[in-house]
Every structure is written in structure tokens, then in C-alpha cells.
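What the coordinates show
For reference, the chains in residue letters:
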Amino acid sequence: MFSMRRREFITLLGVAAAAWPLAARAQRPAVPVVGFVYTSQTSSEASPFVSAFKQGLRETGFIEGQNVAVEYRWPGGQYDRLPGLAAELVNRQVAVIVGNTPPAMAAKTATSAIPIVFFTGADPVKLGLVASFNRPGGNATGVSFWNAALEAKRLGLLHELVPQATVIAALVDPNFLTTADQLKDLQEAARALGKQLHVLQASTESELDNGFATLALERPHALIVAAAPFFTARRKEVVALTDRHRIAAIYSWREFPAAGGLMSYGPSFTDAFRQAGVYTGRILKGEKPADLPVLQPTKYELIINTTTAKALGLQIPDRLLALADEVIE
């Protein structure tokens, strides 16, 4: 007959009790990891967008540090780093990869299995990210705010603000995927308005300085800063350079007038990040990117900074003030 001394029995109970927390922890489901890649210079510059993304996650029941982990990657505007960062996240076997246009393209090349959530100002069908807006069809979906297609509208608004301006400079990023389409739209709009368009190109810090040095020599009457991740990431620097040269300028996002720029027209950038967070949460819950239609903005915002206008000696037309969704004073 089996027998056990009392001391042996107590020892076994102690071992079992010690092992129980380890076993319980081993049985807990692993927290999903999201890879977040944004072509910002620093994490601090992207903080309002990251906050909006986290808000979208919360709306679907995911809170960073509790039931989801987020690994952030900041390539600092160096697009040549993106393939390596995408491969790193694929090897890490993250649950979802989130990024703006260049990182999303790199992720799409790196994996056909891991879901991708993008936010882009371009046409994701033309980029090859999805098969169509309503039926993405692959491992990617997200938000397309068509910001790159709004340059002609911005030029028209700039014309209303400074109708006497006959020479307009356009600052573009030659490395941005939609620059050719942006320039085509701008050139057609400039011809229709009887304007001369001078194109300045910048995709690095030194080129940005050189571009504004050229602007000082050519002395155009106004400036349109085309939509591009490179300029958005360096919005404070771009606005500072524009103010230094005392030129009326229009930008793509509210974040530029908020940083002291004159005027912007476009959809809400932060809301695009929030929507990307919502889609990320839905995918984490089991939905497939192929079944989630690409989201598009329903509202575009005109933002005017009247303090900057006064500093430039500009009188904002009443019509523009009436159209403005926000006036920063």
C-alpha cells in the first residue's frame, strides 16, 4: 500500500503551489504586438499622431501596455532604412504593421501574410497596396485621405488670398511617390489662373535649406508647400523658413498653421491616424484587411492663422474667413 510521510506530503504541496503561478502565466494568451512605422524625424514630432492612433485602438478595446504592445520605428525620413525595418518587424512576427505611405509600401514588399494598415495621401490602388477601395483583396487596407490630389484646390485658395501674385513657388519632395501627379495638377491649375509656377525640390535637410535660398533669389509672390511626409515631419522647420522669408504660403495640414504657418487646406491628419487605430483593433479582433474597405475623409478643413497674416501685412478676405473651419489667432 502506498504511504507518504507527512513531511514529504507538505513538501510536495509546496512545490505544486510554487509551480502554479508559472503554469498560470504560461497559459495566458500572448499580448499581440503591433509594429508602427512613421517617417517622422523624431518620436516627439509624431506624438499627436501617435496619441490619435492610440485613441482608435482604445475605441476597439485595446490599450497599449495592457492588452496590446506597440513597437515604434522612426526612420527619420531616411527611406532607404524602410526595407530593413519592415523585414525586422516581419521577423518579429508582429500581428499588424501600421505606417504611412513609404513604410506601407516597404511592408507590402516584405510580407503578404501579416496584415498592413496604411494611412496615405495617395491613391492606394495606383500604388499597388490594394486591388480596389471597396475590396482591398490582399493583406492591406487603411485610410486614403487623397491629400496629394488637393494641390490645385490649394493653389486656388492661395490665389484668393493674394490675387495679385503672378509668380508662385511650389515646394515638392522629388522622392515622394505622388510628386509627378501633384506637379501635373499644379501646372494645369497655374495655367488656368494665369500664374507662373517655379518648382523647388527638397528631400533632405540640406536641399530644404537650398530650396529656400533659391526662393530668396527668385523672389516669388507666394508659396505652396505640397503634401509630402518629409515636409510634414519637418513642419516646424518649414514654417520657420517660410516666415523668415516673409512669403505667403499654404500647406496641406492643420499642423502647419498650428506651428505658425499661414494657411492650410486638407482633411484631418490626426483623424486619419485615429481611423488607422480603429482598423488595427478590428484586425486584432479577427477581421481581415481584404474585407475592410479603404476609408476616405468626408470633411476637408480650411485653417487660417490670422496672427501670421498680420505679421505678413495681409488682409484675409471675408469670404475666406467665412469658409474657414478654424481661425488661429
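In what follows, the accompanying structure is described. If you're wondering where the values come from, they're calculated on a predicted model, not measured in any experiment.

On to the overall build of the protein. Each helix and strand in the protein was counted, giving 14 helices and 12 strands. Classification of the 329 residues of the protein by burial places 50% in the buried group. Partitioning the contacts of the protein with sequence separation of at least 6, the portion at a separation of at least 24 is 70%.

With that settled, consider the nonpolar core. Formed by 47 residues in total, the largest nonpolar core has its most connected members in F36, F119, L171, L223, F231 and F273. Per-element tally for this core: the top contributor is helix α12 (residues 269–284), with seven residues. Ignoring any residue separated from it by four or fewer positions in sequence, one finds L171 in contact with L200, A202, L208, F212, L223, I224, V225, A226 and F231. In terms of nonpolar packing, the next biggest core, distinct from the first, is built from 27 residues, L150, L157, I316 and A324 among them.

With that out of the way, let us pick up the packing of aromatic side chains. The full count for this structure, using the stated rule, is 19 aromatic pairs. On the basis of an interplanar angle of 65 degrees and a centroid distance of 5.6 Å, the ring pair of F230 and F231 is categorised as edge-to-face. Note on F230: relative accessible area 3%, which makes it buried. Each ring, one from F269 and one from F273, has its centre 5.1 Å from the other, and the planes form 85 degrees; the classification is edge-to-face. Taken together, the residues F269 and F273, both in helix α12 and four residues apart, mark about one turn of the helix. Considered together, F269 and F273 belong to a single accessibility category, that of buried residues. In textbook terms, an aromatic cluster arises when at least three aromatic residues are bridged by ring pairs, as seen for F36, Y38, F49, F53, Y72, W74, F119, F145, W253, F269 and F273.

Procedures and definitions
- Sequence order sets the numbering: in each chain, residues are counted from 1 along the sequence as written.
- Given that this is a predicted model, residues contribute local features only at a pLDDT of at least 70 and side-chain atom pairs are listed and counted only at 80 or more, while totals for whole chains, interfaces and linings are drawn from all residues.
- To obtain the side-chain values, all non-hydrogen atoms of the structure were included, while hydrogens and water were left out.
- The secondary structure listing takes helices from DSSP runs of H or I that are at least 4 residues long and strands from runs of E that are at least 2 residues long, numbered from the N terminus.
- Whether a residue is buried, partly exposed or exposed follows from its accessible area with a 1.4 Å probe, protein chains only, as a fraction of its type maximum: under 20%, in between, or over 50%, in that order.
- When checking whether two residues touch, look at their non-hydrogen atoms; a contact exists if any pair is within 4.5 Å.
- In these notes, a set of buried Ala, Val, Leu, Ile, Met, Phe, Trp, Tyr and Cys residues joined through side-chain atoms within 4.5 Å is what counts as a nonpolar core.
- Each Phe, Tyr or Trp ring (for Trp, its six-membered ring) is paired with any other whose centre lies within 6.5 Å, and the angle between the two planes then decides the class: stacked below 30 degrees, edge-to-face above 60, tilted in between.

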